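Single-letter residue listing:
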Amino acid sequence: MGKWSTKVRSLLKRFVLGLMLLASVLAPAAVNAMTVQPVVINLTTGGRGMTQVLTVTNNFSYPLAVELRVEELVIEASGLRSTGKDSGDLVIFPPTALIRPGQTQTFRVQYVGSQALARSKHFYVNVAQLPVKQQQGQSAVQVLYNFQVLASVSPAGTKPAVKVDRASIERTGDGKFVPAITFSNPSTAHGFIANGRIRIVQKDASGKELFRREMSAPEVQQVIGYGLMGAGQVRKVTLPIELPAGGGTVEALYTLVN
């Protein structure tokens with residue numbers, strides 16, 4: 001019994017030491033990183049809106065090498081899908097940079113495609129960290145970061161027209177009732193659901209109000225993200241808001257704020 005207890009204590013000690021070692025290795029990666037701003041870029045086919053600035057800040061204690069690459073996207077019912085190709089409609093200067101610790105590098109993203117754009121186009125600007133030679137004594141294992149910035153281009157002089165088509169009540173897998181809203185954007189310009197506020201009202205069969213919730217634009221963004229609405233797109237969004245009952249009706253009012 002004593003030998004067994006000694007063996008168990010030894011194994012536990014090794015396990016704890018292993019966790020401590022793992023924490024010491026992972027902690028710097030969790031604390032140090034690079035930051036990219038903004039994460040969403042909106043461009044137009046003409047004028048000043050053809051260009052926007054992207055910044056990358058090096059929060060590491062060593063030089064940060066980055067490369068910016070463009071890939072075109074298509075909007076499908078399930079969301080955005082990458083074509084894996086660079087159409088050449090966007091140019092980035094500089095395409096690569098070596099950023100010193102604590103410094104910020106500015107990149108210019110510019111649309112150079114056709115000005116006779118029929119509808120909005122979308123791209124990912126991939127900000128990829130490149131491996132660098134480690135100094136003597138540093139770990140040879142590197143965790144390379146890759147950020148995807150959504151860049152969208154709309155035809156000059158156009159605006160989105162995001163609106164609610166209908167709202168319904170759906171039941172989740174765990175038995176809760178939640179509102180499902182179908183949005184549409186008949187415009188040739190893309191928009192974002194998070195640029196507006198949403199009011200949810202549920203009524204019973206007699207018309208008595210059972211539930212009311214107003215979500216500001218920042219709250220909408222926190223719940224569903226930016227909510228990209230492509231040109232001519234119809235999109236159904238289920239909100240994680242529990243309704244008091246599964247019967248009656250639910251109404252959704254969407255109001256653009258910017």
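For every chain, the first residue of the written sequence is number 1, and numbering continues from 1 along that sequence. Only residues with pLDDT of 70 or above have their local features reported here, since the model is predicted, and side-chain atom pairs are shown and tallied only from 80 upward, although totals for entire chains, interfaces and linings are computed over all residues. Side-chain measures were taken over the full set of non-hydrogen atoms in the model, leaving aside hydrogen atoms and water.

Now for the environment of H190. Tracing the chain through its elements places H190 in the loop between β12 (177–184) and β13 (191–192). Residues H190 and K121 lie 69 residues apart in sequence; the distance between their C-alpha atoms is 8.4 Å. Apart from the residues lying within four places of it in its own chain, the contact partners of H190 are N42, S120, H122, S152, V153, S154, P160, N185, L228, M229, G230 and A231. Here the side chain of H190 touches N42 through a polar contact of 2.7 Å, side chain to side chain. A run of H or I in DSSP becomes a helix once it reaches four residues, and a run of E becomes a strand once it reaches two; helices and strands are each numbered from the N terminus. What makes two residues a contact is simply this: any of their non-hydrogen atoms within 4.5 Å. Nitrogen and oxygen atoms within 3.5 Å of one another constitute a polar contact, given that in protein one can donate a hydrogen and the other can accept it, and given that sequence-neighbouring residues count only through two side-chain atoms.

Moving on, we get to the sheet that holds strand β1 (residues 34–37). Pairing between two strands requires that DSSP report at least two bridges joining them. If you trace the four strands from one edge of the open sheet to the other, you get β1-β3-β8-β6, paired in antiparallel fashion. The open sheet is flanked by β1 and β6 (90–93), the only strands paired with a single partner. Pairwise comparison of adjacent strand axes, ignoring direction, gives a mean angle of 20° for this sheet. When β6 meets strand β8 (residues 104–111), the two strands line up antiparallel, connected through four bridges. Paired with F93 across the two strands is R108, which belongs to β8. Axes, fitted as lines to C-alpha atoms, cover a helix only where it is in contact. Angles between the N-to-C directions of the axes lie from 0 to 180 degrees.

Next up on the list: the pairing of strand β10 (residues 146–154). Pairing of strand β2 (residues 40–44) with β10, which is carried by five bridges, proceeds in the parallel orientation. Across the sheet, residue V40 finds its bridge partner in β10, namely L150. With eight bridges connecting them, strand β9 (residues 121–130) and β10 associate as antiparallel partners. Each residue of the ladder has a partner; that of K121, found in β10, is V153.

With that out of the way, let us pick up the sheet that holds strand β18 (residues 249–256). The strand order across the open sheet built from three strands is β15-β14-β18, with neighbouring strands paired in antiparallel fashion. The open sheet has two edge strands with one neighbour each: β15 (209–215) and β18. This sheet shows a mean twist of 10° between the axes of neighbouring strands, independent of strand direction. Summarising the sheet, strand β14 (residues 196–203) and β18 pair through eight bridges and their orientation is antiparallel. Bridged to Q202 within β18 is V250. In this fold helix α2 (residues 217–224) packs onto β14 and β15, with an angle of close to 95° to the strand it touches most, β15.

All right, on to the packing of aromatic side chains then. Within 6.5 Å between ring centres, the rings of Phe, Tyr and Trp (the latter by its six-membered ring) count as paired, and their orientation is classed by plane angle as stacked under 30 degrees, edge-to-face over 60, tilted in between. Inspection of every chain in the model, using the stated rule, returns five aromatic pairs. A ring pair is formed by F60 and Y62, whose centres lie 5.0 Å apart and whose planes are at 25°; its orientation type is stacked. For Y62, a relative accessible area of 18% puts it in the buried group. Seen from their ring centres, F60 and Y145 are 5.8 Å apart, and the 55° between their planes marks the pair as tilted. Linking F60 in the loop between β3 (51–58) and β4 (64–76) with Y145 in the loop between β9 and β10, this pair joins segments that are 85 residues apart in sequence. A network of ring pairs unites the aromatic residues F60, Y62, Y145 and F147 as a single cluster. Exposure classes here rest on a 1.4 Å probe applied to the protein chains alone. A residue is buried below 20% of its type maximum, exposed above 50%, and partly exposed in between.

Let us now look at the nonpolar core. By size, the foremost hydrophobic cluster in this structure holds 26 residues, and its most contacted members are L54, L90 and V125. Counting residues per element, this core draws most heavily on β4, at four residues. Here L90 is in contact with L43, V70, V109, Q110, Y111, V112, F123, V125, A151 and V153, once residues within four sequence places are set aside. Throughout, nonpolar core names a set of buried Ala, Val, Leu, Ile, Met, Phe, Trp, Tyr and Cys residues whose side chains join them through atoms within 4.5 Å.

A few words now on the side chain of D89. Within the secondary structure, D89 is located in the loop between β5 (79–82) and β6. A residue is classified by how much of its surface remains accessible, and D89, at 12% relative accessible area, is buried. A polar side-chain atom of D89 sits 2.6 Å from a polar atom in the side chain of K121. With near-sequence residues (within four places) excluded, D89 lies in contact with Q110, Y111, V112, G113, K121 and F123.

Let us look at the confidence of the model for the protein. Scored from 0 to 100, pLDDT reflects the predictor's confidence in each residue. Looking at the protein as a whole, its pLDDT mean stands at 87, while 84% of the residues score no less than 70. Residue range residues 3–31 is modelled with pLDDT below 50. Its contacts to residues more than four positions away, or to other chains, number one contact.

Here the focus is the pattern of salt bridges. Criterion for a salt bridge: a side-chain nitrogen of Lys or Arg within 4 Å of a carboxyl oxygen of Asp or Glu. Taken as a whole and assessed by the stated rule, the structure comprises nine salt bridges. Note that E72 and K121 form a salt bridge whose closest N and O atoms lie 3.4 Å from each other. Taken together, the residues E72 in strand β4 and K121 in strand β9 connect sequence positions 49 residues apart. For E72, a relative accessible area of 19% corresponds to the buried category. Since its relative accessible area comes to 22%, K121 is described here as partly exposed. R212 is the partner of E209 in a salt bridge, and the nearest nitrogen-oxygen pair spans 3.0 Å. Among the charged side chains, a network of salt bridges with common partners joins E72, D89 and K121.

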